[in-house]
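Structural overview
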Amino acid sequence: MDINAVINDTLKVLRDGGVILYPTDTVWGIGCDATNEKAVARVFEIKRRAGAKSLVLLASDLDMVAKHVREIPSIAIDLVEVNDAPMTIIYPGAQYLAPNAVAEDGTVGIRIPFVEQGPDPRIRPEVKDGATFCREITRRLRKPLVSTSANISGEPTPSGFREISDEIKNAVDYIVPAALEQGASGRASQIIKIGLGGEVEIIRA
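No experiment lies behind these values; they were computed from the predicted model shown.

About the cut-offs
- Residues numbered from 1 in each chain as written.
- Predicted model: local features only at pLDDT ≥ 70, side-chain atom pairs only at ≥ 80, totals over all residues.
- Heavy atoms only, no water.
- Helix = DSSP H or I, 4+ residues; strand = E, 2+ residues; numbered from the N terminus.
- Rg over C-alpha atoms; globule rule 2.2 N^0.38 Å.
- Buried < 20%, exposed > 50% of the residue type's maximum accessible area, 1.4 Å probe, protein only.
- Areas by Shrake-Rupley, 256 points an atom, 1.4 Å probe, with all protein chains shown as cover.
- Pairing = 2+ DSSP bridges.
- Disulfide = S-S within 2.5 Å.
- Phe/Tyr/Trp six-rings, centres within 6.5 Å; stacked < 30°, edge-to-face > 60°.
- Lys NZ or Arg CZ within 6 Å of the ring centre and 35° of its normal.

A look at the overall build of the protein chain
A tally of helices and strands in the protein chain yields six helices and ten strands. For the protein chain, the C-alpha radius of gyration of 16 Å lies close to 17 Å, the compact-globule estimate for 205 residues. Taken along its principal axes, the extent of the C-alpha atoms in the protein chain is 45 × 45 × 30 Å. Within the protein chain, the proportion of its 205 residues that are buried is 49%. With an accessible surface of roughly 10200 Å², the protein chain has 48% of that area assigned to carbon and sulfur atoms.

So, the pairing of strand 1 (residues 20–23)
Both faces of the sheet carry side chains from a regular strand, because those side chains alternate between them. Here strand 1 shows two buried faces, one formed by Ile-20 and Tyr-22 and the other by Leu-21 and Pro-23. Bridging between strand 1 and strand 2 (residues 28–31) involves four bridges; their strand directions are antiparallel. When the sheet's bridge partners are listed, Pro-23 is paired in strand 2 with Trp-28. In terms of strand pairing, strand 1 meets strand 8 (residues 174–175) through two bridges, oriented parallel.

Points about the state of the cysteines
Scanning all chains against the criterion turns up zero disulfides. The structure places no disulfide on Cys-32, whose sulfur is separated from the nearest cysteine sulfur, that of Cys-134, by 13 Å. The buried category is assigned to Cys-32, whose relative accessible area is 0%. Here Cys-134 falls in the buried class, since its relative accessible area comes to 1%.

Observations regarding the packing of aromatic side chains
Within a pair of aromatic rings, the relevant descriptors are the distance that separates the centres and the angle that separates the planes. A complete count under the given rule lists one aromatic pair for this structure. Centroid distance Trp-28 to Phe-161: 5.0 Å. Interplanar angle 50 degrees. Geometry classified as tilted. Of this pair, Trp-28 sits in strand 2 while Phe-161 sits in the loop between strand 7 (148–149) and helix 6 (166–171); the two residues are 133 residues apart in sequence, bridging distant segments of the chain. Assigned by exposure class, Trp-28 and Phe-161 land together as buried. Over the ring of Phe-161 we find Lys-169; its NZ or CZ atom is 4.2 Å from the centre of that ring.

Quick notes on the sheet that holds strand 6 (residues 145–146)
Taken in spatial order, the six strands make up an open sheet running 6-3-5-4-9-10, and their pairing is mixed. Unpaired on one side and paired on the other, strand 6 and strand 10 (200–204) mark the two borders of the sheet. Where strand 9 (residues 190–194) and strand 10 come together, four bridges link them in antiparallel fashion. Note on strand 10: the bridge partner recorded for Ile-191 is Arg-204.

What about the sheet that holds strand 7?
In space, the four strands of this open sheet follow the order 7-2-1-8, with mixed pairing throughout. Strands at the two margins of the open sheet, each flanked by one partner only, are strand 7 and strand 8.

A look at the pairing of strand 9
Pairing geometry for strand 4 (residues 87–91) and strand 9, over four bridges, is parallel. Counted as the bridge partner of Ile-90 is Lys-193 from strand 9.

Spelled out as structure tokens, the structure:
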């Protein structure tokens, strides 16, 4: 597998407003550029999901998160820095995102895909699995990526590529090679909601 070719093909589809099927650090996701309203609408259509429901986004780092929320509560920074497992944080005050990617109350759930850091955190890890792939794609796209489970709304979430329905596979514009699903937990992430005053609510443990 030529990982550079995969990354370039993925970026082209995303920049053209397309929808991809890809592995993350948790489960397989349907995704698009989170700032493209038409692309986000297609994701909802593919899942047959009500547009009023919120989405999870993936970001490369806290700097990217800071661009898309008005303020990052200090407790959120602490949680990200000590985190050792997939964790989605719901932030108040979403901004510069497609309106349909933001919840009705103005919040947005964002996860930085969990990657084991080497001895020098300034060195990016080799792209070899869903987590490192997502970090590299969002870094090079310079925008968050929509990440919603690869299933029709109401149906079970697939734990691996083989469980994804042909309907989903046929509806997207590009499918990332299944070889990159290694390292994924096959389970959804923890979800924590943070208030501007530092309030913490565990939505999903």
